[in-house]
Amino acid sequence: SISCFTEAGDNAGIADSLKIKGDCLGKMKQYDRALEVYRRGLELARKIGDGQLESRLSTAIAASYIDQGTPAKALRMAKTGLDIAKKIKSISLESDALLLLSRYAKTVNDFPAALDYFTRHTRLKEEIWSQKNQIIMAEQKIRYEADKMKEKNLVLEKDNRLQKLELERKQFFLYLIIAGLI
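In short, a report on the structure. (Residues numbered from 1 in each chain as written. Predicted model: local features only at pLDDT ≥ 70, side-chain atom pairs only at ≥ 80, totals over all residues. Heavy atoms only, no water.)

### Quick word on the overall build of the chain
And then number 1: Helix and strand counts for the chain come out as seven helices and zero strands.
And then number 2: Sequence-ordered secondary structure for the chain, helices as α and strands as β, is α-α-α-α-α-α-α.
And then number 3: In terms of overall size, the chain is more extended than a compact globule, its C-alpha atoms giving a radius of gyration of 31 Å where 182 residues would be expected to give roughly 16 Å.
And then number 4: Counting only C-alpha atoms and orienting by the principal axes, one finds that the chain spans roughly 110 × 45 × 30 Å.
And then number 5: Out of the 182 residues in the chain, the part that is buried amounts to 31%.
And then number 6: In the chain, once contacts between residues fewer than 6 apart in sequence are set aside, the share between residues at least 24 apart is 49%.
And then number 7: Summed over its atoms, the accessible surface of the chain is roughly 12,500 Å², and 57% of this surface lies on carbon and sulfur atoms.
And then number 8: Side-chain charges of the chain comprise 32 positive and 25 negative groups, with the mean position of each set lying 2 Å from the other. (Helix = DSSP H or I, 4+ residues; strand = E, 2+ residues; numbered from the N terminus. Rg over C-alpha atoms; globule rule 2.2 N^0.38 Å. Buried < 20%, exposed > 50% of the residue type's maximum accessible area, 1.4 Å probe, protein only. Contact = heavy atoms within 4.5 Å. Areas by Shrake-Rupley, 256 points an atom, 1.4 Å probe, with all protein chains shown as cover. Lys, Arg positive; Asp, Glu negative; His and termini not counted. Charge placed at Lys NZ, Arg CZ, Asp CG, Glu CD.)

Right under this line is the structure:
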């Protein structure tokens with residue numbers, strides 16, 4: 001997929017594919033290779049100014065350092081990911097970075113900081129869920145209102161047809177009366 005994005009000149013696609021490739025390498029515990037791939041993706045993300053990718057790749061690098069057993073290198077990248085997430089106002093990425101910082105703090109036995117980061121992460125997750133629930137509720141209300149309007153329209157159409165039939169019936173009787181007078 002990287003070659004396809006390269007051929008198309010899609011740097012965001014390349015950077016995203018590098019993130020995925022780094023994730024795969026990390027799962028195989030090939031941290032040095034994963035870090036190399038993530039850094040290439042991060043360089044591209046910075047080049048094109050894609051804050052989301054830059055934040056995701058920064059936190060991925062930090063996670064690799066933690067997984068590799070070198071948490072001291074992780075802190076700067078995790079904070080970079082957090083700062084970028086805040087800058088682009090991505091609550092989801094900010095939450096992910098806070099969770100990673102909690103993991104970092106736990107790794108270095110700074111439990112008060114781990115708890116603080118985790119608490120902040122949890123608050124953001126709750127905010128995300130609250131926003132999602134508000135959207136769902138608004139969509140349901142719109143659907144309910146639309147269904148109500150459809151029902152009203154059906155009733156009005158039925159009333160209209162009945163009135164039309166009543167008018168036709170009255171016209172028919174009127175024609176009968178006129179025909180009877182003639």
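### A word on the packing of helix 4 (residues 51-68) against helix 5 (residues 71-87)
When two helices pack together, their arrangement is given by the angle between the helix axes and the distance between those axes.
And then number 1: Running from N to C, helix 4 and helix 5 point in directions that differ by 160°, and their axes come no closer than 7 Å. Between helix 4 and helix 5, the crossing angle belongs to the class labelled roughly antiparallel. Crossing geometry of helix 4 relative to helix 5 is assigned as left-handed. Across from Gly51, Glu54, Ser55, Ser58, Thr59, Ile61, Ala62, Tyr65 and Ile66 in helix 4, the residues of helix 5 making contact are Pro71, Lys73, Ala74, Met77, Ala78, Thr80, Gly81, Ile84 and Ala85.
And then number 2: For the contact of helix 4 with helix 5, the residue count by class is ten nonpolar, six polar and two charged. (Axes fitted to C-alpha atoms, helices over the stretch in contact; angles between N-to-C directions. Parallel < 35°, antiparallel > 145°, perpendicular 65-115°, else oblique. Left-handed = near helix turned anticlockwise from the far one by under 90°. Nonpolar A, V, L, I, M, F, W, Y, C, P; charged D, E, K, R; others polar.)

### Remarks on the packing of aromatic side chains
And then number 1: On inspection of all chains with the given rule, the structure shows one aromatic pair.
And then number 2: The ring of tryptophan 129 carries lysine 132 above its face, with NZ or CZ at 5.2 Å from the centroid. (Phe/Tyr/Trp six-rings, centres within 6.5 Å; stacked < 30°, edge-to-face > 60°. Lys NZ or Arg CZ within 6 Å of the ring centre and 35° of its normal.)

### With respect to the pattern of salt bridges
And then number 1: With the rule as written, the count across this model stands at six salt bridges.
And then number 2: As a salt-bridge pair, aspartate 23 and lysine 19 come within 2.8 Å of each other at their nearest N and O atoms. Placement of both aspartate 23 and lysine 19 in helix 2 (residues 11-27) is noted, with a separation of four residues, approximately one turn of the helix.
And then number 3: A residue is classified by how much of its surface remains accessible, and lysine 19, at 13% relative accessible area, is buried.
And then number 4: With a closest N to O distance of 3.5 Å, aspartate 116 and arginine 120 form a salt bridge. Taken as a pair, aspartate 116 and arginine 120 lie in helix 7 (residues 111-181) at a separation of four residues, close to a single helical turn.
And then number 5: Given the relative accessible area of 39%, aspartate 116 is considered partly exposed. (Salt bridge = Lys/Arg side-chain N within 4 Å of Asp/Glu carboxyl O.)

### Structural notes on the side chain of serine 102
And then number 1: In this structure, serine 102 sits in helix 6 (residues 91-107).
And then number 2: According to the relative accessible area criterion, serine 102 is buried, its value standing at 9%.
And then number 3: When near neighbours in sequence (up to four residues on either side) are disregarded, serine 102 contacts Ala114, Tyr117 and Phe118.

In short, the description is geometric, and any link to function would need to be established separately.
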